[in-house]
Amino acid sequence: MTDLPDLLTTDVVTLTQAVCDIESVSGDERALADAVERALRPFEHLEVLRDGDAVIARTHLGRDARVVVAGHLDTVPIRDNLPTRRQPGPDGAEELWGRGTVDMKGGVAVALHLAARLRAPSKDVTWVFYDQEEVEGDRNGLGRVARHHPDWLAADFAVLGEPSQGNIEGGCNGTLRVDVRLPGRTAHSARAWMGHNAVHDAGEVLTRLAAYTPAEVEVDGLRYREGLNAVGISGGVAGNMIPPECVVTVNYRFAPDKTPEQAFAHVAEVLDGFPLELTDAAPGARPGLDHPVAQDFVAAVGAVTGGVPHPKYGWTDVARFSELGVPAVNFGPGDPSLAHADDERVPTAQIVSCAAALGAWLAGTDPTERTT
């Protein structure tokens, strides 16, 4: 049994190391979930709940607004990058290296750190630590909690601790995948004229995709970049046979002003004349920055970082909150481009600044007074 260090006496960077060093590859989060639950149970200001390997802790102070702060406990598989280590970066500033430091145990540690210390926040807070985010969507722990206990996630606003360089990334793009299944007719390659080569037919699909100009779409003041790309191609039976079928897999990342249905219609227009099979789709999420609670959060983060909100181009679980009618943003330490990388690492100063901004906003205090 592995325990986390004392949440009241441990600084947020050391806590991040401890959270990362408890291995929790998707599907194997039980040890970390148990440690999170044991760490939070002693605090009388929190009601602690459990669903599978998701742990929820919440206040009941009768505040005017409720905020969810959420983060996933799991990581992608380890690649000789645990235990974590601290070392200077190229500019001499300290970095924390290891699996999960970016995606997203830095955000989880910030939430644990604040859940213990904010005994009387200015807003009621629901802290959510969930499992299986890095795998198929139907296994996602946040989705399971939403199905089993939707009341646990009821809120006016949500903050998801996904890596965002320590600044706010609003909403997220939607995503869908289609298979373009091209039929042919097999024949011996020495008598190719007797068949029909399905792989050759893929050329027109690829030509249209290569010529496609992705849109930039402004949604609620943020500009989202779209993308339409072939992400896979398969076909062929043997080295002396004309391929009887070819499948091109296409991924469309679409701005949150569109529904999945509208996105599919757009792909169908681009690839008019080809058969499309929808294999996966998930809606995006509008940034929701026009909500008064969100505006207060933007001001608090800006006071610490000096930054302004940016769009989130990838899909994240903010979309699940959006489906529940809860506006949500991404806010956490770490460079998203280093997520899942073997050299995953985060500047420790970003962990500290995220804790300072989020803590001050929830407490209703000066965000420049940092908590460590």
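Refer to the structure printed above.
Residues numbered from 1 in each chain as written. Predicted model: local features only at pLDDT ≥ 70, side-chain atom pairs only at ≥ 80, totals over all residues. Heavy atoms only, no water.

(A) Inspection of the nonpolar core at higher detail. The biggest cluster of nonpolar side chains holds 64 residues, and the ones touching the most others in it are Leu-40, Leu-112, Trp-127, Phe-297 and Trp-361. Those residues in contact with Phe-297 that lie beyond four places of it in its chain are Phe-157, Val-159, Ile-168, Val-329, Phe-331, Leu-358 and Trp-361. Grouped together as the second largest cluster of nonpolar side chains are 21 residues, Val-68, Val-318, Phe-321 and Val-326 included. (Core = buried A, V, L, I, M, F, W, Y, C linked by side-chain atoms within 4.5 Å. Buried < 20%, exposed > 50% of the residue type's maximum accessible area, 1.4 Å probe, protein only. Contact = heavy atoms within 4.5 Å.)

(B) Representation of the sheet that holds strand β1 (residues 47–51) within the structure. Spatially, the 8 strands line up as an open sheet ordered β1-β2-β6-β3-β7-β16-β8-β15, and their pairing is mixed. Of all strands in the sheet, those with a lone pairing partner are β1 and β15 (310–311), marking the two edges. As paired elements, strand β3 (residues 66–72) and strand β6 (residues 124–130) share 7 bridges and run parallel to each other. Considered in β6, the bridge of Arg-66 is made with Asp-124. On the sheet, helix α3 (residues 105–117) packs against β3 and β6 and is oriented at approximately 140 degrees with respect to β6. (Pairing = 2+ DSSP bridges. Helix = DSSP H or I, 4+ residues; strand = E, 2+ residues; numbered from the N terminus. Axes fitted to C-alpha atoms, helices over the stretch in contact; angles between N-to-C directions.)

(C) Representation of the packing of aromatic side chains in the model. The final tally for this structure, using the stated rule, is 5 aromatic pairs. An angle of 45 degrees between the planes, with centres 5.7 Å apart, marks the rings of Tyr-252 and Phe-254 as tilted. Ring centres 4.6 Å apart and planes at 50 degrees place the aromatic pair Phe-297 and Trp-361 in the tilted group. A residue pair is termed long-range when its members are at least 10 positions apart, and Phe-297 in helix α7 (residues 292–305) and Trp-361 in helix α9 (residues 348–363) qualify at 64 residues. Among the aromatic residues, ring-to-ring pairing joins Phe-157, Phe-297, Phe-331 and Trp-361 into one connected group. (Phe/Tyr/Trp six-rings, centres within 6.5 Å; stacked < 30°, edge-to-face > 60°.)

(D) Local environment of the environment of Gly-325. Locating Gly-325 in the fold gives a position in the loop between α8 (318–323) and β16 (328–331). The exposed category is assigned to Gly-325, whose relative accessible area is 57%. Measuring from C-alpha to C-alpha, the distance between Gly-325 and Ala-154 comes to 8.8 Å, with 171 residues separating the pair along the chain.

(E) Here's a closer look at the pattern of salt bridges. Enumeration over the complete set of coordinates arrives at 27 salt bridges. Notably, a salt bridge pairs Glu-136 with Arg-139, separated by 3.0 Å at the nearest N-O pair. Note on Glu-136: relative accessible area 47%, which makes it partly exposed. Glu-218 serves as the salt-bridge partner of Arg-223, at 3.5 Å between the closest nitrogen and oxygen. Judged by its relative accessible area of 41%, Arg-223 is partly exposed. The network of salt bridges with common partners includes Arg-30, Asp-34, Glu-37, Arg-41, Arg-50 and Asp-53. (Salt bridge = Lys/Arg side-chain N within 4 Å of Asp/Glu carboxyl O.)

(F) Examining unusual backbone geometry more closely. Looking along the chain, the bond that leaves Leu-82 and enters Pro-83 is cis, with omega of 0 degrees. Along the polypeptide, Pro-83 turns up in the loop between β3 and β4 (85–88). A positive phi angle, near 60 degrees, is found at Gln-165, a position not held by glycine. The exposure class assigned to Gln-165 is partly exposed, which follows from its relative accessible area of 42%.

(G) Looking closely at the side chain of Thr-16. Structurally, the position occupied by Thr-16 is in helix α1 (residues 12–21). Overall, the relative accessible area of 0% leaves Thr-16 in the buried class. Within the structure, the side chain of Thr-16 is placed 2.8 Å from the backbone oxygen of Val-12, a separation counted as a polar contact. Setting aside residues no more than four positions away along its own chain, Thr-16 makes contact with Leu-96, Lys-105, Gly-106, Ala-109 and Ile-351. (Polar contact = N/O pair within 3.5 Å; in protein donor to acceptor, adjacent residues only side chain to side chain.)

(H) Highlighting the environment of Val-19. On the secondary structure map, Val-19 appears in helix α1. The sequence separation of Val-19 and Gly-100 amounts to 81 residues, and the corresponding C-alpha distance is 8.7 Å. Each residue touching Val-19, except ones within four places of it in the same chain, is listed here: Leu-4, Leu-32, Lys-105, Val-108, Ala-109 and Leu-112.

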